[in-house]
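Tertiary structure, described
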Amino acid sequence: MSTERFSGAVGISRMTVRHGDTAIALGSGDVPVLGTPQVIALAENATITALAEHLDQSETTVGVHVEFNHLATSSVGDEVIATATVVEVSVKKIIFSVECHSGNRLIAKGLITRVLVDRVSFIAKAAAEALTREN
Amino acid sequence: MVANVLEVSVADGDRISVGDTLLLLESMKMEIPVLAEVAGEVVEVAVSVGDVIQEGDPLVLIKIESAHNGKNSR
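Rules behind the numbers
- Residues numbered from 1 in each chain as written.
- Chains lettered and ligands numbered in written order.
- Predicted model: local features only at pLDDT ≥ 70, side-chain atom pairs only at ≥ 80, totals over all residues.
- Helix = DSSP H or I, 4+ residues; strand = E, 2+ residues; numbered from the N terminus.
- Buried ≥ 20, exposed ≤ 12 C-beta atoms within 10 Å, placed from the backbone.
- Contact = placed C-beta atoms within 7 Å.
- Pairing = 2+ DSSP bridges.
- Axes fitted to C-alpha atoms, helices over the stretch in contact; angles between N-to-C directions.
- Nonpolar A, V, L, I, M, F, W, Y, C, P; charged D, E, K, R; others polar.
- pLDDT = per-residue confidence, 0-100.
- Core = buried A, V, L, I, M, F, W, Y, C linked by C-beta atoms within 7 Å.
- Expected span 1.5 Å × (residues − 1).

**Details of the overall build of chain A**
- The number of helices and strands found in chain A is three helices and five strands.
- Traced from its N-terminal end to its C-terminal end, chain A shows the element sequence β-α-α-β-β-β-β-α.
- For chain A, the C-alpha atoms occupy an extent of roughly 40 × 40 × 20 Å along the three principal directions.
- Sorting the 135 residues of chain A into buried and exposed places 27% on the buried side.
- Taking all contacts inside chain A whose residues are at least 6 apart in sequence as the whole, residues at least 24 apart take part in 69%.

**Describing the sheet that holds strand 3 (residues 21-27) of chain B**
All names here are of chain B.
- Strand order in this open sheet of four strands is 4-3-1-6, and the pairing throughout is antiparallel. Of all the strands in the sheet, the pair left with one neighbour each is strand 4 (30-35) and strand 6 (52-53).
- Sheet analysis places strand 3 next to strand 4, joined by six bridges and oriented antiparallel. By the bridge assignment for strand 4, L23 is matched with V34.

**Brief notes about the sheet that holds strand 5 (residues 105-118) of chain A**
Residues and elements named next belong to chain A.
- Taken in spatial order, the five strands make up an open sheet running 1-3-4-5-2, and their pairing is antiparallel. Looking along the sheet, the strands with just one partner apiece sit at the ends: strand 1 (10-16) and strand 2 (59-70). Looking at each pair of strands side by side, their axes are set apart by 25° on average, direction ignored.
- Two strands pair when backbone bridges link them, and strand 1 and strand 3 (residues 79-89) are joined in this way by seven bridges, in the antiparallel orientation.

**Points about the interface of chain B and chain A**
- The partner chain A presents nine residues to the eight residues of chain B that form the contact.
- Across the side of chain B that touches chain A, the residue classes tally to three nonpolar, three polar and two charged.

**Some thoughts on the confidence of the model for chain B**
- With 89% of its residues at a pLDDT of 70 or more, chain B has an overall mean of 90.
- In the predicted complex, the global pTM is 0.84; the interface-specific ipTM is 0.71.

**As for the nonpolar core**
- With 25 residues, the main nonpolar core has A43, A82, A84 and C100 of chain A as its most contacted residues.
- Every element with two or more residues in this core is listed here: helix 2 (36-52), strand 3, strand 4 (93-102) and strand 5 of chain A.
- Of the residues forming this core, the biggest block, seven residues, is contributed by helix 2 of chain A.
- Excluding its chain neighbours within four sequence positions, the residues that come into contact with A82 of chain A are I12, S13, L42, A43, N45, A46, V98 and C100 of chain A.
- Counting residues in each nonpolar core, the second largest holds 11 residues, with L22, L59, V60 and I62 of chain B among its members.

**A few points about helix 2 of chain A**
- Spanning 17 residues, helix 2 of chain A covers 24 Å between terminal C-alpha atoms, matching the ideal 24 Å at 1.5 Å per step.
- Against strand 1, helix 1 (23-26), strand 2, strand 3, strand 4 and strand 5 of chain A lie the buried residues of helix 2 of chain A.

**A closer look at unusual backbone geometry**
Residue and element names in this part refer to chain B.
- Even without being glycine, M28 reaches a positive phi, approximately 50°.
- Summarising the element assignment, M28 is placed in the loop between strand 3 and strand 4.
- Phi is positive for K29, close to 65°, though the residue is something other than glycine.
- Residue placement: K29 occurs in the loop between strand 3 and strand 4.

**A look at the environment of P33 of chain B**
All names here are of chain B.
- Mapped onto the elements of the fold, P33 is located in strand 4.
- Classification of P33 as partly exposed rests on a count of 13 C-beta atoms within 10 Å.
- Residues P33 and G50 lie 17 residues apart in sequence; the distance between their C-alpha atoms is 15 Å.
- Each residue touching P33, except ones within four places of it in the same chain, is listed here: T21 and L24.

Structure follows, in structure tokens:
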């Protein structure tokens, strides 16, 4: 499991802002504009898209670090496009530079780090930990 | 910090005074005016509406009235 093959990969994800995406609907604020959690979710989705064709079925990645500036507001009906580009890879770590635009306005920019894991082992470990907590 | 350029309020050759609005930027969901710190003549506007600027980018080049040399106002 090496991350070298992800170098330079690019992914794009888009959304049209709906009422359910607003800060007031998400509970992350009390104004009816696109909420920051949804912007980050869109950006994370773009990182997933970037890696999709490079991953083996037994592999997946999980988000571990987000560093984000939400710069400008978006209203209900606006289209927002996130672009994620792999800018750095290490043993298991993949770092993306992410930008979100609405029209020609840059509305968010940041870095997202994901870690490459074995899908089955990861899910099994999480399930085992949950069981341990229950007992 | 990154910002969008929303408005450019001056053009090459304009005479400006301390406190004049040079640009209007958008960052952190706020509109942020960039005000002149010196009086003088605009030599060059280095940005346009819609540009995305980074910290440290030159924005407007101003020739200071009372000094011998030009200076960047940021």
